[in-house]
Amino acid sequence: MPQLFKRRANAIANATIMGGGLIFLGACGVVFALGRSDYWTRKEEAPAQPVPFSHEHHVAGLGIDCRYCHTSVEKSSFAGMPPTETCMTCHSQVWKGAPVLQPVRDSLQYGRPLRWTRVYDLPDYVYFDHSIHVDKGIGCASCHGRVDQMPMTWETQPLYMRWCLDCHRQPEMHLRPLDEVFNLAYASPQNQFLVGRTLEEQNHVHHEGLTDCYTCHR
Amino acid sequence: MNMNTWRSMDELEDKPAYRDWLQREFPPLASEWTNEASRRSFLKIMGASFALAGLSACTRQPLEKIVPYVRQPEELVPGQALYFATALNLEGYARGILVESHEGRPTKIEGNPEHPASLGASDVFMQAEILALYDPDRSKSVTNGLEISTWDEFLALVVREREKWKSNGGAGLRLLTGYITSPTLLSQIEALLKEFPNAKWHVHEPLATKTPQPIFDVAKAEVILAVENDFLGPGPAQLKYARDFASRRRANSGALSFNRLYVAESTPSMTGARADHRYALGPRALQELGMALATGASLPSWGDPMLADLTRNKGRSLLLVGDSLSEEVRQFALNWNRPLQIAQPLPSRGDSLPELLRDVAAGKIETLVILGGNPAYDAPVDFKFAEKLALVPLRIRLGLYEDETSALCQWRLPEAHSLETWSDARAFDGTATITQPLIEPLYGGKSAHELMAALTGNGMVGGYDIVRQYWHAQHTGDDFEKYWRKSLHDGVVEGTGGGKPSEFAPHGRAETSGSGLELVFRPSPSIRDGRFANNAWLQELPQPFTKITWDNAAMISPATAKRLELSNEDVVDLKYRGRLVRAPIWILPGQADDCVTVHLGYGRTHAGHVGNDVGFDAYALRTSDAPWGGSGLAIVKTGLRHPFATTQHHQSMEGRQQVRVGTLSEFQQHPAAVAQAGEPAPGRDETLYTPVAYKGHAWGMAIDLGACIGCNVCTIACQAENNIPVVGKEEVARGREMHWIRVDNYFEGAPENPRLHFQPVPCMHCENAPCELVCPVGATAHSSEGLNQMVYNRCVGTRYCSNNCPYKVRRFNFLEYDRNRFESAPVLKLLRNPDVTVRTRGVMEKCTYCVQRINRVRLDAEKQNRPIRDGEIIPACAQACPAVAIVFGDINDPQSNVSKFKASPLNYGLLAELNTRPRTTYLAKLLNPNPEVEKA
Amino acid sequence: MNAPGQTPVVAPGYDSGSVTRKITDIVLARPLGRGWLGGFAFAFALLMMMNFAIGWLLMRGVGIWGINIPVAWGFAIVNFVWWIGIGHAGTFISAILLLLHQDWRTSINRFAEAMTLFAVACAGLFPLLHLGRPWVFYWLLPYPDTMGLWPQWRSPLVWDVFAVSTYGVVSLMFWYVGLIPDLATMRDRSAPRPLQFIYGVMALGWRGSARHWKRFKMAYLLLAGLATPLVLSVHSVVSLDFAVGIVPGWHSTIFPPYFVAGAIFSGFAMVLTLLIPVRKAYGLQDFITIRHLENCAKIMLATGLMVAHGYITELFMSWYSDDKFDIYMTLNRMFGSYAPAWWLLMFCNVLTPQALWFKKIRTAPVILFFIALLVNVGMWTERYVIVVTSLHRDFMPSAWGSYHGTRWDWMTLIGSFGLFLSLLFLFLRLLPAISITEMRQLVREKKEPQ
């Protein structure tokens, strides 16, 4: 009776046993990595918008303050999106006939709201409040990045819960003086830790309860 | 206090019936098999669900849109709620409300503290109106016969008709409405009647069979005897009465100035549950008692000391009698009470229903306009309203629903909901409120004012102009604008209140002669006279004492049940004066012997997809000569059975002292004794672990059982605030109701005449929460302020926490409840509270102490850099409670109201012996019995 | 080796050759019989029924079961505990009895181990299915997630994950390692080349060299040592699911030992329920002798008594505790609406095993079969009583309720038998149901003069 297996069968056997394990681990690794990839979180992905609005131009170029358009950022959980009127306050004079602004003009004319695509989209079970963060000295840039350098707006953070917790666990590392909140160019000092401690006092930041589930989830 | 309690009636005898009730299963998920759609789409959905199961974690979040305003309203800050003052009517009488509105969506109703009939509290009907507003079953289009029509076509018709009326002075024109207190509407009707002198206006209100009772100052009453009068139960003045009554039952603050309440009634009521002495008597016996009091005839043994008690306090005592008692008694009571009378609700004007029907029979009527109401369903059966209505050539109906009455009319006009219209209304004491719309009519409805404007030849005028014109005419002083704005803002029109006590005009009579079994009609505690039948929140609200949902029953006493060999869920024929209704039996401890109580409002056929064919129609037995019942009832067993869905199967305390009750004298002798019944809780130091210190706030709640009247409003207010789904009868019967706060109901003492107790049970937010340590994923954990947090988005649904919760206050979303037939209508998305997550299937949920409100207040305080004030945070249940029985606050602050409550010697923790250290505690209930009566 | 007058563990007149032939022929020579086909078809049908039930479950949610508030755990947990319990016999027989040098284990250990594996497979299903949101089951595993969260280690359910998965893995390895030499035998004895190839691959190139044997023995012994503590740990952990809870009827320190005893009790019951028919069907009376059955019966008697002791202690403690909730729970079990279940379990688990005191009964396969069957039922009922009667009336009378399995509960339970039996049928058809190597050894030992 001829040999059932060639000599190299052993090698193959070992290879498959080892390989099987490796492939499994590899698969796990891929899933693990994918879940953390920018593709997944849409980080640094600038979605198409009805109007190619450029923060770079309006903020850096024209020096318009964040609050001019995002009016309720200090009052409400929702920072507020500018109603068409706000756009038209200027654009009824400048770029009057510009074809790119046609949707805006239509919106006002026919009372049809503009439908922007969300860039920062938190799950519905997360109750984020802009006003309190602004009030306690968290800068816009901390989450939204250098918006003044974005021709089209993209997400600069993965928005993982872990990322939120990093800050909620030690806010002192991210606080800034209240008058710097809307300064997108603000750079935290070398001794941020010490500065942060004093800012905590000044801005009345209370540590306890910052990591309670109910702070963000209800 | 004797605690000889028995297991629930059937268990007492442990009948085989009860056994097979236990064994019985609802045909498991019969629905899936009968329901075509779900069987057909089985594979489809199955595939989808596998995708959901497998891939839900493996798909990128879809891109969402964000849609700003074109023109943003001035006062509106996106993400922040606005509140508007307006009012809702119950049988014509206004109760003032504040409505919470998110970006133009009304989402929640609260009481208006400025309003005398609300005082900041609310009742179940007020809370549920917000659901009624969005009800997808509301009538949506003008229809003429079978065709869809338009308002313009209707107006054209009115113009033609008016020509006719002009010629004959409106002969043959009739108006039929419910009770109306709206000054504007009344003036419009007057205008119509002035223009057409031969026209007539008729009024029909099923529950108001007599001139409304005057309103009395319960707070000033030392002794009260209520004979078949449920003044603490639902009604236009319930909230004021509850507040006043509770104010005389406070043992935790200041001097003990308890009042004393005697109740004699045929069937347990909220008032009866609060009685110090309660007597279950049939209607005949009650009438005799009343007469004995009026004529000074001899009373039962307990009667004399009671009468003495009343007389001793004459001028400070009340004798409240129900509509079912005879005029002599009512007149006697009225005179007795006059010193404490504070208001006389305006009696309704207009002629009565019988007169209308007489004219119909005589063929005098060509046009009948029916504003609201639903006479075809709730008119006395002997009127044969439906038949007679058919004789009227032109029938016009303005109604919220395509209901029984609409079905009989050619012209059916969709009515706008009170929250969609400009109008006005008066409270029981005459206080007027101008009601403003919260939202454009969702289904293109019009208000009664707008219809009246059309009838009076003013075409289609907007409700705003009509109401404003009226008040402009009323306003004498200068600067009307200011006056108008203030009235709107406050929700009350200054100087309209304090209605003068007017003379009492008796009419109608009560039927209490005869013999044999007696029948008693009562409005349903949850759907009233049937007008709320299509309101799923109210249908699923467990009725007091029976805890039945989605049903009404023929309620009889244990003794009567034994005599007639009836048991729960037996279906019987009720034969009454040649009429017959088929009804299931419920054995109700505390019910008077030989009398059967049935709730009105059920068995609707045109209510909508929620209210149709729920329960049986008791109106089919209700005749005009005996609106509240009478003798000559016969019960015939059919051998059929009808399963009830009750939320509490077991109503004895098993000697576990959940509700702790004492008497005032006991309390005065040993203040601590009452609350310390039952095992003591272990001390704080009796633990292996270092106790957690709560440095900042420590939220806690106290519930005063001495004040609670068991009105259920906490349950439904919570449901409205927290997006709690309705699950339907089958699911309730499986033990899956979702209410976050339930009102437990215990009987204590002899089955014939037990003591009745209520106990609201929300999450206890235990400091040693048993639920927390068994959750494998930490989805329920403790907050730094002592809240027992439940994180829906982390929950995997092992349900271990619920098993380990000794209070069983956790609720589980067993099936996709927010997609069931009650919740799936897209329009209901507008109703959801945006500050509370809508829970998905397979997730545990429970009372959060309304953490969204805590957070809102905290953020405001933080931003203004000030401490949170006591009483600034009010959970939905506490805000709604008319008796101020629920108090919430910071127990670290000794000055807070809740700390004061908890400092009371009556304070005790539920099952505290388990060392759960509940943050929610109770104040024991004190009774104030009359020693002489107890001797007798 | 054999005490005088004791039935031998192998009928006389066998040598290595005949042993090997007899066992391998079941797989290789025996034609595909009606019995097997019918049985497998039936089992597979049940399995399909379970798949249907599971599909509906994933589509609709756990609400299709009878569970509710207060009884939030039902069949799923009962079945889980029951199957895990059954899974204990195998490892007990192969590992513990191996270490105790019980020669009679040899002819049944392979079978028992297989049974263990399949039982664990069934058991593993239920904890997943009973989740409200099964698709996020992996949150129970400790891995660095994007939420910055970890499992909650105080929860027994997390311990379960580890206990059960470890048990599954170790029993699988133990079983497979034991199989290797036999697979080689199969390879050598099977005629068709593809079959040779398949068995060959599975045999991992076993050549039976002295070195192989040395390694094999060592590995087998090590795994036995590894498996032994698991036998005790797994069900102890499972029992903590209840013991950690405060529910009267759960909160009891006696649970771990009495659950383990119960597990082995039910495990052996299951071994007998399966062994007796199989032994008949495949004419293995010579290898699986009355002696085996009798020993199993003896172990059942012993563990049965331990379980009974557990019950009695429970009763005593609830009286001795003077705790009103505990006392009520006990009375409610005995006389409440679920009393029938309690009395049934007493009959099955306490009364029935007493028959095993009599050698006549221990040596009568048919009677044994039915006793074992009753014990299986009894053990399932025990778990039902523990889960349901404790929950349906705990602390707050106002929240008391009742529970009954729906058709879907039953379909899943019965379906799991389908899974179990299907696997078993395949095992009997494709692998040597009795360890050939060990039998050869046994025969050789018997031959040598004492």
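Residues numbered from 1 in each chain as written. Chains lettered and ligands numbered in written order. Predicted model: local features only at pLDDT ≥ 70, side-chain atom pairs only at ≥ 80, totals over all residues. Heavy atoms only, no water.

Visitor: Just checking my understanding: could you explain the overall build of chain C for this structure?
Guide: Along its length, chain C carries 16 helices and zero strands. Over its C-alpha trace chain C gives a radius of gyration of 23 Å, about what one expects of a compact globule, namely 22 Å for 450 residues. The C-alpha extent of chain C, read off along each of the three principal axes, is 70 × 55 × 40 Å. Looking at the 450 residues of chain C, the share that counts as buried comes to 64%. If you sum the accessible surface of chain C, you get close to 16700 Å²; carbon and sulfur atoms cover 74% of it. (Helix = DSSP H or I, 4+ residues; strand = E, 2+ residues; numbered from the N terminus. Rg over C-alpha atoms; globule rule 2.2 N^0.38 Å. Buried < 20%, exposed > 50% of the residue type's maximum accessible area, 1.4 Å probe, protein only. Areas by Shrake-Rupley, 256 points an atom, 1.4 Å probe, with all protein chains shown as cover.)

Visitor: Please clarify how the interface of chain B and chain C should be interpreted in this entry.
Guide: Think of interface size as the accessible area that goes away when the parts come together; that is how it is often given. Facing 77 residues of chain B, the contacting portion of chain C comprises 69 residues. Our count for the contact surface shared by chain B and chain C stands at three salt bridges. Close ionic contact of Lys324(C) with Glu679(B) constitutes a salt bridge, the shortest N to O distance being 3.0 Å. Inspection of the region where chain B meets chain C yields 35 residue pairs in polar contact (both at pLDDT 80 or more). (Contact = heavy atoms within 4.5 Å. Salt bridge = Lys/Arg side-chain N within 4 Å of Asp/Glu carboxyl O. Polar contact = N/O pair within 3.5 Å; in protein donor to acceptor, adjacent residues only side chain to side chain.)

Visitor: Explain unusual backbone geometry here, please?
Guide: The general pattern is negative phi for most residues beyond glycine and trans for most peptide bonds. Across the junction of Ile69(C) and Pro70(C), the peptide omega takes the value 15 degrees, indicating a cis bond. The residue Pro70(C) is located in the loop between helix H2 (34–60) and helix H3 (75–86) in this model. If you check the backbone angles, Leu159(A) has positive phi at about 60 degrees while not being a glycine. Tracing the sequence through the fold places Leu159(A) in the loop between helix H8 (140–144) and helix H9 (161–169).

Visitor: Would you explain helix H14 (residues 353–361) of chain B in this entry?
Guide: The periodicity of an α-helix, 3.6 residues per turn, causes residues three or four positions apart to be oriented the same way. Residues and elements named next belong to chain B. Three or more residues of H14 are buried, namely Leu353, Leu356, Leu357, Asp359 and Val360. In a view along the axis of H14, the buried residues occupy a sector of 160 degrees, so they form one face of it. In H14, the exposed positions angled more than 90 degrees off the buried face are occupied by Arg358 and Ala361. The first or second residue beyond H14 is Gly363, which carries a positive phi of 70 degrees. (Arc of directions from axis to C-beta.)

Visitor: Explain the sheet that holds strand E11 (residues 260–265) of chain B here, please?
Guide: The pairing of strands in a sheet comes from backbone hydrogen bonds and takes either a parallel or an antiparallel form. All names here are of chain B. An order of E12-E11-E10-E13 is seen for the four strands of this open sheet, with the pairing classed as parallel. Strands with a single pairing partner mark the edges of an open sheet, and in this sheet they are strand E12 (277–280) and strand E13 (317–321). Recorded for the sheet is a direction-independent mean angle of 5 degrees between the axes of neighbouring strands. (Pairing = 2+ DSSP bridges. Axes fitted to C-alpha atoms, helices over the stretch in contact; angles between N-to-C directions.)

Visitor: Would you explain the interface of chain A and chain C in this entry?
Guide: Contacts between the two partners involve 13 residues from chain A, matched on the other side by 14 residues from chain C. At the boundary of chain A with chain C, total buried surface from both sides reaches about 1100 Å², with 66% on carbon and sulfur atoms. Per-residue buried area on chain A facing chain C is highest for Leu4(A), Phe5(A) and Met161(A); these three make up 43% of the total on that side. Counting across the chain A and chain C interface gives zero salt bridges. The tally of links between chain A and chain C comes to three residue pairs in polar contact (both at pLDDT 80 or more). When residues of the side of chain A that touches chain C are traced back to their parent elements, those giving at least two are helix H1 (9–35) and H9 of chain A. (Buried area = accessible area lost by both parts, 1.4 Å probe.)

Visitor: How should the nonpolar core be read in this particular structure?
Guide: Nonpolar side chains tend to gather and get buried jointly when the protein is soluble and globular. Counting 321 residues, the largest nonpolar core has Phe231(B) and Phe242(C) as its most contacted members. In terms of residues, this core owes the most to one element, helix H9 (residues 255–281) of chain C, which gives 16 residues. Residues in contact with Phe242(C), not counting those within four places in the same chain, are Tyr800(B), Trp73(C), Ile77(C), Val81(C), Trp250(C), His251(C), Phe255(C), Phe259(C), Ile386(C) and Val387(C). In terms of nonpolar packing, the next biggest core, distinct from the first, is built from 30 residues, Leu173(B), Ala199(B), Leu371(B) and Ala448(B) among them. (Core = buried A, V, L, I, M, F, W, Y, C linked by side-chain atoms within 4.5 Å.)

Visitor: Sorry, what's going on with the pairing of strand E29 (residues 699–704) of chain B here?
Guide: Residues and elements named next belong to chain B. Burial within E29 is extensive, with six of its six residues counted as buried. Going residue by residue along E29, you find Trp699, Met701 and Ile703 tucked away on one face and Gly700, Ala702 and Asp704 tucked away on the opposite face as well. Relative to strand E36 (residues 886–890), E29 runs antiparallel, the two sharing five bridges. Within E36, the residue paired with Gly700 across the bridge is Gly889.

Visitor: Would you explain a nonpolar patch on the surface in this entry?
Guide: All names here are of chain C. Residues Leu344, Phe347, Leu351, Leu374 and Val377 make up a contiguous nonpolar surface patch of roughly 410 Å² in combined accessible area. Secondary-structure elements contributing two or more residues to the nonpolar patch are helix H12 (339–351) and helix H14 (365–392). The element best represented in the nonpolar patch is H12, accounting for three residues. Looking at where Phe347 falls in the secondary structure, it is placed in helix H12. By relative accessible area, Phe347 is classed as partly exposed at 41%. (Patch = residues over 30% accessible without salt bridge, like charges linked within 9 Å, V, L, I, M, F, W, Y side chains within 5 Å.)

Visitor: Just checking my understanding: could you explain the sheet that holds strand E25 (residues 595–600) of chain B for this structure?
Guide: Residue and element names in this part refer to chain B. Around the barrel, six strands lie side by side as E20-E25-E22-E24-E23-E26; this closed barrel has mixed pairing. Across this sheet, the average inter-strand angle for adjacent strands is 45 degrees, counted without regard to direction. When strand E20 (residues 517–523) meets strand E26 (residues 629–641), the two strands line up antiparallel, connected through four bridges. Its bridge partner being in E26, Leu517 is matched across the sheet by Leu633.

Visitor: In this structure, what is going on with the packing of aromatic side chains? I would like to understand it.
Guide: For the coordinates displayed, the defined rule picks out 73 aromatic pairs over all chains. Linked through ring pairs, Tyr800(B), Trp73(C), Phe242(C), Trp250(C), Phe255(C), Tyr258(C), Phe259(C) and Tyr311(C) together constitute an aromatic cluster. Its end group placed over the ring of Tyr328(C), Arg656(B) keeps NZ or CZ at 5.2 Å from the ring centre. Stacked on the ring of Tyr792(B), the Lys or Arg Arg839(B) has its end atom at 5.5 Å from the ring centre. (Phe/Tyr/Trp six-rings, centres within 6.5 Å; stacked < 30°, edge-to-face > 60°. Lys NZ or Arg CZ within 6 Å of the ring centre and 35° of its normal.)

Visitor: Could you clarify how one ought to interpret the side chain of Arg105(B) in this entry?
Guide: All names here are of chain B. Along the chain, the position of Arg105 falls in strand E4 (residues 105–111). For the buried Arg105, which has no salt bridge, the nearest side chain bearing the opposite charge is Glu103, at an N-O separation of 4.9 Å. At a separation of 2.5 Å, a polar atom in the side chain of Arg105 contacts the main-chain carbonyl oxygen of Leu830. Residue contacts for Arg105: discarding those within four places in its chain leaves Glu100, Tyr134, Lys829, Leu830, Leu831, Arg832 and Pro834. (Lys, Arg positive; Asp, Glu negative; His and termini not counted.)

Visitor: Where do I start with the confidence of the model for chain C in this structure?
Guide: As a note on interpretation, predicted positions should not be read in detail where pLDDT is low. Scored by pLDDT, chain C comes out at a mean of 90, with 97% of its residues at no less than 70. The least confident element of chain C, judged by mean pLDDT, is helix H16 (residues 436–447) of chain C at 81; the most confident is H14(C) at 95. (pLDDT = per-residue confidence, 0-100.)

Visitor: Explain helix H18 (residues 463–474) of chain B to me, please; I cannot follow it from the model alone.
Guide: All names here are of chain B. With 12 residues, H18 ought to run about 16 Å at 1.5 Å a step, and its terminal C-alpha atoms sit 17 Å apart, in line with that. Among the residues of H18, Gly463, Ile466, Val467, Arg468, Tyr470 and Trp471 are the ones counted as buried. Here the buried face of H18 lies against helix H8 (183–195), strand E18 (423–426), strand E19 (432–435), helix H17 (448–455) and helix H19 (480–490). (Expected span 1.5 Å × (residues − 1).)

Visitor: Hey, could you run me through the packing of helix H5 (residues 106–129) of chain C against H9(C) in this one?
Guide: Packed helices, taken two at a time, are described by the angle between their axes plus the distance between the axes. All names here are of chain C. With their axes 11 Å apart at the nearest point, H5 and H9 run at an angle of 120 degrees to one another. As H5 packs across H9, the resulting crossing turns out to be right-handed. For the pair formed by H5 and H9, the contact residues are Ile108, Phe111, Ala112 and Met115 on the first element and Gly267, Met270, Val271, Leu274, Leu275 and Val278 on the second. The residue inventory of the contact of H5 with H9, partitioned by class, reads nine nonpolar, one polar and no charged. (Left-handed = near helix turned anticlockwise from the far one by under 90°. Nonpolar A, V, L, I, M, F, W, Y, C, P; charged D, E, K, R; others polar.)

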